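Here is how the chains run, residue by residue.
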Amino acid sequence: MAHFTKATSLHDWLNQRLAIDAVRRVMATEYWIPKDINFLWAMGMVLAITFAFLLVSGIFLLMYYQPNVKTAFDSVNYTIMTEVDFGWLWRHVHGVAASVVFLVIYIHMFTGIYYGSYKKGREMIWLSGMLLFVTFSAEAFSGYMLPWGQMSYWAGMVITNIFSLGDLHLNGLVEWIRGDYVPAQAFLNRFFMLHVLLLPLAIMGLIGLHFATLRIPHVNNQEGEEFDFEAEAEKYKKGDKKGSKVIAFANDFMSKDMFVVSIYLIFFFYLVFFHYDFAMDPVNFDPADGLKTPTHIYPEWYFLWSYEILRPFSTNIGLMAFGFAQVIYMLLPFLDRSPNAVPAHKRGAFKIWFWLLLINMIVLTAMGKMPPEGIFSTIGFFAALSFIGLWIALPIITKAERKL
Amino acid sequence: MTDKNRRGFIGKAFGAVAGVGAVASLYAMKKSWDPLPSVKAAGFTTLDMSGYKGNELITEKWRGKPVFVLKYTPEMVASLNDEQKKRVLKIGSDTYMIVLGLCTHLGCIPGYNPAEKAFLCACHGGTYDVTGNVTKAPPPRGLDIPPFKIVGNTIVLGEEGEEYKKLLADGITLSV
Ligand code: HEM
Ligand code: FES
């Protein structure tokens, strides 16, 4: 049997049983972060905190929410919003967090693209991040079904219909996913299960994986500089904190991270208290009605860009373009053929590609919200073609890039 | 047997048991997601055709889905071309369009414009003519016709009558 001695303190008692000092060293005081980074590297922590807000507010919503087609709408819009003390707070925190989390995810992703943080040993970070993006999207979609308003119902109808895959006409698959011919009780119940249990579990597992993938390559830095973390860490530990290129994760880096988080939270609660309406679609304040389509169906803002890639084409081509948009970001580490893992501003053509992609995403998002008519249809169509064109061009322009 | 072989055998035996178990549980999980028998069984709607007025679109409900019933006026019947005539139903002495009111693109409900005698789907801008044929993409095909059986002056939705089977066989509609 392992040997235990009489503990001299609670700390020592725990340390003998759980090796808390070693854990702390490995996870915090001797986990090294480069000095040459900026506030954009705090977005991961901002995301983790936002997820915690979603979890806590979700637990409180769950105390009064009823997953039944007859009572769901009132349990949210009447019970939670008017009867439960501070029910509005949980709902607004949950709704605003669900929307803002995507804004931060997009910033986090485009930061990664700009600084080349998906290459040279960081491929797994990118892939696990994209899995998080996909799971978060499913989480947001399933949550959107729960209030059972008009947008819940019709978004549920349109999105599940995508699985009939156009001319393959897989109606059986669509009915299987729904558990009925149309979104009804079975549908609401299973999306409720996904939203409050299965997908949050998957997200927590993926967050763990995402952190693990960072461990060996470490985070990138503003210049894409490669250095020996061991050697720099030695310098730091010997007391040469000024000369070392790294600092310890906790408490040094953490304190900066949490400063950015504080600023973010001020903005976040400003939205929760004064501008929560942007995260609540007015159409969803009408109860679901299977015999009346809202005049204009659009998804939440964060899905608009991929929706706009689906919309301007005929069904089959639209579905292919949409499928392309869903997987292409995953492939980024393999489509970028350049040997350089440095920021975009040092990479010539790639820099232009980066800004064009960002602008393209914004145009697609804006057009996705417009009715599918006239000039908007045309702009949307060309923006969708440019999106595909940009990704086809990526391997070609990066292959041509000179080694720095 | 050597130690290694014994371990190998135990490993394979476990793999076999686990494999059978995994396939069996996947099957159970798949079946648990299937629509319930009660959902499948509730599925017939009978419409009495005597009350409909010419060029007035009425939305009925079948299996939770909207069904469009449009009775044509004599002028409308006269203006139908051969292609359109294939899609319409004759019940008694009158002519009707009876289709599922769900856009074949992604399932929104198109709106009817009685003046233009055409349907517009507001979701992605698809349009249909007065018999439910597509006139503008993205919808890939005309509005689907639900299974029906004509009994005197009524129609039973959900039952497959002779006329419906013929429409299916001729490829005028897909089964829904
Ligand atoms: C990954 C993070 C999550 C996202 C992106 C998300 C997203 C959403 C969205 C968009 C809604 C509809 C908002 C509304 O109309 O109020 C919603 C509702 C809901 N969510 Fe979440 N959610 C997340 C995590 C959770 C968790 C972890 C739980 C509970 C364990 C939860 C429980 C609920 C409940 C009960 C509702 C229905 C009440 C309502 O509509 O206000 N959510 N969620
Ligand atoms: S659902 Fe009708 S055009 Fe897309």
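Here is what the cut-offs are and how they apply
Residues numbered from 1 in each chain as written. Chains lettered and ligands numbered in written order. Predicted model: local features only at pLDDT ≥ 70, side-chain atom pairs only at ≥ 80, totals over all residues. Heavy atoms only, no water. Pairing = 2+ DSSP bridges. Helix = DSSP H or I, 4+ residues; strand = E, 2+ residues; numbered from the N terminus. Buried < 20%, exposed > 50% of the residue type's maximum accessible area, 1.4 Å probe, protein only. Polar contact = N/O pair within 3.5 Å; in protein donor to acceptor, adjacent residues only side chain to side chain. Contact = heavy atoms within 4.5 Å. Core = buried A, V, L, I, M, F, W, Y, C linked by side-chain atoms within 4.5 Å. Axes fitted to C-alpha atoms, helices over the stretch in contact; angles between N-to-C directions. Parallel < 35°, antiparallel > 145°, perpendicular 65-115°, else oblique. Nonpolar A, V, L, I, M, F, W, Y, C, P; charged D, E, K, R; others polar. Expected span 1.5 Å × (residues − 1). Bend = angle between axes of the 7 residues up to and from the residue. Domains from an automatic or database assignment. Buried area = accessible area lost by both parts, 1.4 Å probe. Salt bridge = Lys/Arg side-chain N within 4 Å of Asp/Glu carboxyl O. Donors = N, O, S within 2.8 Å, 3.2 Å for Na, K, Ca; no water. Tetrahedral: all angles 85-135°; square planar, octahedral: opposite > 155°, others 65-115°. Phe/Tyr/Trp six-rings, centres within 6.5 Å; stacked < 30°, edge-to-face > 60°. Lys NZ or Arg CZ within 6 Å of the ring centre and 35° of its normal.

Residues and elements named next belong to chain B. When strand E2 (residues 57–62) meets strand E3 (residues 65–71), the two strands line up antiparallel, connected through six bridges. Note that in E3 the partner of Ile-58 across the bridge is Val-69. Connecting E2 to the next strand, E3, in antiparallel fashion are two residues, including Arg-63 with a positive phi near 50°.

All names here are of chain B. Across the sheet, which stays open at both edges, the four strands sit in the order E6-E7-E8-E9 with antiparallel pairing between neighbours. The sheet is open, and its two edges are formed by strand E6 (111–113) and strand E9 (134–136), each paired on a single side. The pairing of strand E8 (residues 127–128) with E9 spans two bridges and is classified as antiparallel. Bridge pairing in E9 places Thr-127 opposite Lys-136.

Residues and elements named next belong to chain A. Inspection of the secondary structure assignment puts His-195 in helix H9 (residues 185–215). Relative accessible area serves as the criterion here: at 12%, His-195 is assigned to the buried category. At 2.9 Å, the side chain of His-195 forms a polar contact with the backbone oxygen of Glu-139. Those residues in contact with His-195 that lie beyond four places of it in its chain are His-94, Glu-139, Ser-142, Gly-143, Leu-146 and Pro-200.

A word on the nonpolar core. Phe-102, Ile-113, Phe-136, Trp-305, Tyr-329, Phe-387 and Trp-391 of chain A are the most contacted members of the largest nonpolar core, which totals 82 residues. No other element matches the 15 residues that helix H5 (residues 87–115) of chain A contributes to this core. The contacts of Ile-113 of chain A, once residues within four sequence positions are left out, are Tyr-118, Trp-126, Tyr-329, Leu-332, Phe-350, Trp-353 and Phe-354 of chain A. The next biggest cluster of nonpolar side chains, apart from the first, holds 69 residues, and it includes Leu-146 and Met-157 of chain A together with Leu-106 and Leu-167 of chain B.

The next point concerns the sheet that holds E3 of chain B. Pairing between the strands of a sheet is mediated by backbone hydrogen bonds and can be parallel or antiparallel. Residue and element names in this part refer to chain B. Reading across from one edge, E2-E3-E5-E4 is the order of the four strands in this open sheet, with antiparallel pairing throughout. In this open sheet, the two edge strands, each paired with only one partner strand, are E2 and strand E4 (89–91). When strand polarity is set aside, the average angle formed by the axes of neighbouring strands in this sheet is 35°. The pairing of E3 with strand E5 (residues 94–100) spans five bridges and is antiparallel. Bridge pairing in E5 places Leu-70 opposite Met-97.

Below, the discussion takes up the packing of helix H6 (residues 123–145) of chain A against helix H7 (residues 150–161) of chain A. Each packed pair of helices is defined by two parameters, the angle between the axes and the distance between the axes. Residue and element names in this part refer to chain A. Running from N to C, H6 and H7 point in directions that differ by 130°, and their axes come no closer than 8 Å. Classified by the angle between their axes, H6 and H7 sit oblique to one another. On the side of H6, the interface is formed by Phe-141, Tyr-144 and Met-145, while H7 contributes Met-151, Ser-152, Ala-155, Gly-156 and Ile-159. Of the residues belonging to the contact of H6 with H7, the class tally is six nonpolar, two polar and no charged.

A separate point is helix H16 (residues 374–399) of chain A. All names here are of chain A. Taking 1.5 Å per residue as the helical rise, H16 with its 26 residues ought to reach 38 Å, and the 39 Å between its terminal C-alpha atoms agrees with that figure. Most pronounced at Ala-393, the bend in H16 amounts to some 35°, and the proline Pro-395 follows within four residues. Among all positions in H16, only Gly-380, Ala-383, Ala-384, Phe-387, Leu-390, Trp-391, Leu-394 and Thr-398 are buried. For H16, the secondary structure elements touched by its buried residues are helix H12 (304–310), helix H13 (315–328), helix H14 (332–335) and helix H15 (349–369).

So, on to the domain arrangement of chain B. For chain B, the assigned domains read domain 1 (2–34) and domain 2 (40–169). Spacing between the C-alpha centres of domain 1 of chain B and domain 2 of chain B amounts to 51 Å.

This brings us to the interface of chain A and chain B. Facing the 32 residues of chain A at the interface are 33 residues of chain B. Between chain A and chain B, roughly 2700 Å² of surface is buried when both sides are summed, and carbon and sulfur atoms account for 64% of that area. Three residues, Trp-176, Tyr-181 and Leu-291 of chain A, lead the burial of chain A against chain B; their summed loss comes to 27% of the area buried on that side. Seen at the junction of chain A and chain B, the total is zero salt bridges.

The next thing to look at is the coordination of the iron atom of ligand 1. Residue and element names in this part refer to chain A. Coordination of the iron atom of ligand 1 by the protein comes from His-94 (NE2) and His-195 (NE2), over a distance range of 2.0 Å. One can describe the donor arrangement at the iron atom of ligand 1 as octahedral, given that its six donor atoms subtend angles of 81 to 179° at the metal. Residue His-94 is located in helix H5, and its partner His-195 is located in helix H9; the two are separated by 101 residues in the primary sequence. Each of the two residues, His-94 as well as His-195, counts as buried.

Looking now at the packing of helix H1 (residues 10–18) of chain A against helix H2 (residues 20–29) of chain A. Residues and elements named next belong to chain A. Axis separation between H1 and H2 bottoms out at 7 Å; the angle between their running directions is 75°. Classed by the angle they form, the pair H1 and H2 counts as roughly perpendicular. Here His-11, Leu-14, Asn-15 and Leu-18 of H1 lie close against H2, whose contacting residues are Ile-20, Asp-21 and Val-23. Per-class residue counts for the contact of H1 with H2 are four nonpolar, two polar and one charged.

Considering all chains together, one arrives at 50 aromatic pairs over all chains under this definition. Each ring, one from Phe-102 of chain A and one from Phe-303 of chain A, has its centre 6.0 Å from the other, and the planes form 65°; the classification is edge-to-face. On the criterion of sequence distance, the pair formed by Phe-102 of chain A in helix H5 and Phe-303 of chain A in the loop between helix H11 (249–274) and H12 is long-range, its members being 201 residues apart. Ring geometry for Trp-176 of chain A against Trp-33 of chain B: centres 5.7 Å apart, planes inclined by 35°, an arrangement best described as tilted. Linking Trp-176 of chain A in helix H8 (residues 171–178) with Trp-33 of chain B in helix H1 (residues 3–33), this pair reaches from one chain into another. For Trp-176 of chain A, a relative accessible area of 24% puts it in the partly exposed group. Classification of Trp-33 of chain B as partly exposed rests on a relative accessible area of 24%. Looking at Arg-63 of chain B, its charged tip hangs above the ring of Tyr-181 of chain A, at a distance of 4.6 Å from the centre.

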